[in-house]
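Commentary on secondary and tertiary structure
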Amino acid sequence: MAISDIPQTLWWAEDETTGLPSVYLVDQSRLPLAGDVLVCSVYAGVCRAIAGMAVRGAPALGVAAAMAVALWATNETADITGVDEFLARLDEVAAEIAATRPTAVNLAWGAERMRGLAHRNSFLDLASMRDLLVAEALTMAAEDESRNRRIGELGAELLPEGAQVLTHCNAGSLATAYFGTALGVIFTAHEQGKLAGVWVDETRPVLQGARLTAWELRMAGVPFRLITDSMAASIMRAGWVDAVIVGADRIAANGDTANKIGTYGLAVLCKEHGIPFYVAAPTSTVDLTLSDGDGIVIEERDPREVTGISFSGVIEPASAAEITALDALTREGPWEVPVARGHVMDITRKGGAYQIDGWVRVAPPGVEVFNPGFDVTPAAYITAIITENGVAKPDFVASLASACEGSGAIHELG
Ligand code: MRU
């Protein structure tokens, strides 16, 4: 249990069986109870992983987008003979990747950075173009980690000695190429010995706090307590929260910030209780094409996230007879267990083990649901935005513009 034990969520490596350059992704939709690693050798595989939230978190999505472009360039362009055709197809692929989820700007940023680089180097031959794009995706992953470490240092300076910090969702190593943004601040403060503890919101409905942040903090040896989202007000009133730190999915030029649903409520509570509310995010999350948060598209998600609970696990057969039965049931592929009342359960044979995935209904059938994945916190509720280029404070229009100068934040989409 140490900060050096925190998980890495995605990396580029050769697939051991096919020998193809591939993107490896820890399947976050099943963490922490099943630790599958997905191997994608085509860009559509990464797009599917993004849509299914196997990879998630704005900075991780930016790097995943870049790696998806690099995969396409290396593994899927053998039929292309000229650079013009390569660039025209690249434009389509980049647009498709950027459209896989709407709210985190990093997806578009990652795809656009790769697209722009290729167009600026249109004089290269195809082999050099492919090498260039792979190298760029790897650079973006390394840059993301160093940006997060800098955000960690700058953010930790803002915290008092013995700080009790509350965080929402997961803005940790899993949400980035490595180290994390809001959790990067928490890890750094913990290493400096100035952190008393962390309150982790469970983060309904996908439970990124309970599943992912709790898992990461435990691995890192950071003391924390898990709470339900609705407990924040009462612990603030009790005087047990010195600061709230969250990540971000998209920050408009005036500082309005889209982040996981529930973030806005925390910011309002902070104002009421005189608690600083910090956003920690790299400049790749700043969208200077939007003057304010009204233009941020908020993803609406599957109603089943609200009407029920998903779970994953591994079956441990207790006898040879059970193994024989499970083998027979899963021989042809996943066995859909016939469960009454709309619950869903699949058992899949994986190597020598049997994985169980399911969804349990908690609301009555047929209820209407509204399930936005994000909300927008108006800049007026934000104490500071911690970027790798400095801590932006109100007026954010000027301070964010200066933090983003020369950083490659999105100004204009091609
Ligand atoms: O839907 P997700 O899990 O991709 O959303 C991620 C978030 O909203 C997180 O809160 C995070 O702060 C932004 S990514 C560091």
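Residues numbered from 1 in each chain as written. Predicted model: local features only at pLDDT ≥ 70, side-chain atom pairs only at ≥ 80, totals over all residues. Heavy atoms only, no water.

For the protein chain, the helix and strand inventory stands at 12 helices and 18 strands. Here the C-alpha radius of gyration of the protein chain, 22 Å, is about what a compact globule of 414 residues would show, namely 22 Å. The principal-axis extents of the C-alpha atoms in the protein chain amount to approximately 60 × 60 × 45 Å. Accessible area of the protein chain: about 17400 Å², with a carbon and sulfur share of 54%. Placing the 29 positive and 52 negative side-chain charges of the protein chain at their respective mean positions leaves the two points 5 Å apart. (Helix = DSSP H or I, 4+ residues; strand = E, 2+ residues; numbered from the N terminus. Rg over C-alpha atoms; globule rule 2.2 N^0.38 Å. Areas by Shrake-Rupley, 256 points an atom, 1.4 Å probe, with all protein chains shown as cover. Lys, Arg positive; Asp, Glu negative; His and termini not counted. Charge placed at Lys NZ, Arg CZ, Asp CG, Glu CD.)

Time to look at helix α3 (residues 83-98). Since the α-helix turns once every 3.6 residues, residues separated by three or four places project in the same direction. The first and last C-alpha atoms of α3 sit 22 Å apart over 16 residues, in line with the 22 Å expected at 1.5 Å per residue. Every buried residue of α3 is accounted for by V83, F86, L87, L90, V93, A94 and I97. Viewed end-on, α3 has its buried residues packed into an arc of 125°, placing them on one side of the element. Opposite the buried face of α3, by more than 90 degrees, sit the exposed residues D84 and E92. Those residues of α3 hidden inside the fold are in contact with α1 (43-51), α2 (58-75), α4 (105-120) and α5 (126-157). (Expected span 1.5 Å × (residues − 1). Buried < 20%, exposed > 50% of the residue type's maximum accessible area, 1.4 Å probe, protein only. Arc of directions from axis to C-beta. Contact = heavy atoms within 4.5 Å.)

This next bit is on the packing of aromatic side chains. Two measures describe an aromatic ring pair: the distance that separates the ring centres and the angle between the ring planes. Per the stated rule, a full pass over the model turns up five aromatic pairs. With 5.7 Å between their ring centres and 55° between their planes, F179 and F187 make a pair best called tilted. Neither residue differs from the other here; F179 and F187 are each classed as buried. Ring geometry for Y264 against Y381: centres 5.8 Å apart, planes inclined by 75°, an arrangement best described as edge-to-face. One end of the pair, Y264, is in helix α9 (residues 263-273); the other, Y381, is in the loop between β16 (374-377) and β17 (384-387), with 117 residues separating them in the sequence. The exposure class assigned to Y381 is partly exposed, which follows from its relative accessible area of 25%. A cation over a ring is seen here: K260 above F374, with NZ or CZ 4.0 Å from the ring centre. (Phe/Tyr/Trp six-rings, centres within 6.5 Å; stacked < 30°, edge-to-face > 60°. Lys NZ or Arg CZ within 6 Å of the ring centre and 35° of its normal.)

Residues in close proximity to the ligand total 18 residues, the closest being R56, R101, D249, N259 and K260. Measuring from an oxygen atom of the ligand, one finds a side-chain N or O atom of R56 at 2.5 Å. Between the ligand and G57 there is a distance of 3.1 Å, counted from an oxygen atom to a backbone nitrogen or oxygen. Relative to its unbound accessible surface of 410 Å², the ligand loses 99% to contact with the protein. Counting residues per element, the ones that place at least two in the shell around the ligand are α2 and β9 (257-260). (Near = heavy atom within 4 Å. Polar contact = N/O pair within 3.5 Å; in protein donor to acceptor, adjacent residues only side chain to side chain.)

Taken as a whole, the largest pocket spans an internal volume of roughly 980 Å³. Considering the residues around the largest pocket, the lining is formed by 33 residues, among which S29, S310, F311, G358 and W359 are closest to the centre. Breaking the lining of the largest pocket down by element, the ones donating at least two residues are α1, α10 (304-307), β12 (308-315), β14 (344-350) and β15 (353-361). A per-element tally of the lining of the largest pocket places β12 first, with five residues. Residues belonging to the lining of the largest pocket are distributed by class as follows: 15 nonpolar, seven polar and 11 charged. (1 Å grid on protein atoms, 1.4 Å probe; cavity = no way out; pocket = protein on both sides within 12 Å on 5 of 7 lines; lining within 4 Å. Points joined across faces, edges and corners; volume = space filled by probe spheres on them. Nonpolar A, V, L, I, M, F, W, Y, C, P; charged D, E, K, R; others polar.)

As a further point, take the pattern of salt bridges. The final tally for this structure, using the stated rule, is 20 salt bridges. The partner of E305 in a salt bridge is R301, and the shortest N-O contact between them spans 2.7 Å. The class for E305 is buried, based on a relative accessible area of 15%. R301 gets classed as buried once you look at its relative accessible area, which sits at 15%. Across the salt bridge formed by R304 and D302, the nearest N and O atoms sit 2.9 Å from each other. Accessibility expressed as a relative area gives 48% for R304, which makes it partly exposed. Residue D302 is classed as partly exposed on the basis of its relative accessible area of 33%. (Salt bridge = Lys/Arg side-chain N within 4 Å of Asp/Glu carboxyl O.)

Another point: the domain arrangement of the protein chain. By domain assignment, the protein chain separates into domain 1 (3-149), domain 2 (154-296 + 373-413) and domain 3 (304-361). Using only C-alpha atoms to locate each centre, domain 2 and domain 3 end up separated by 37 Å. (Domains from an automatic or database assignment.)

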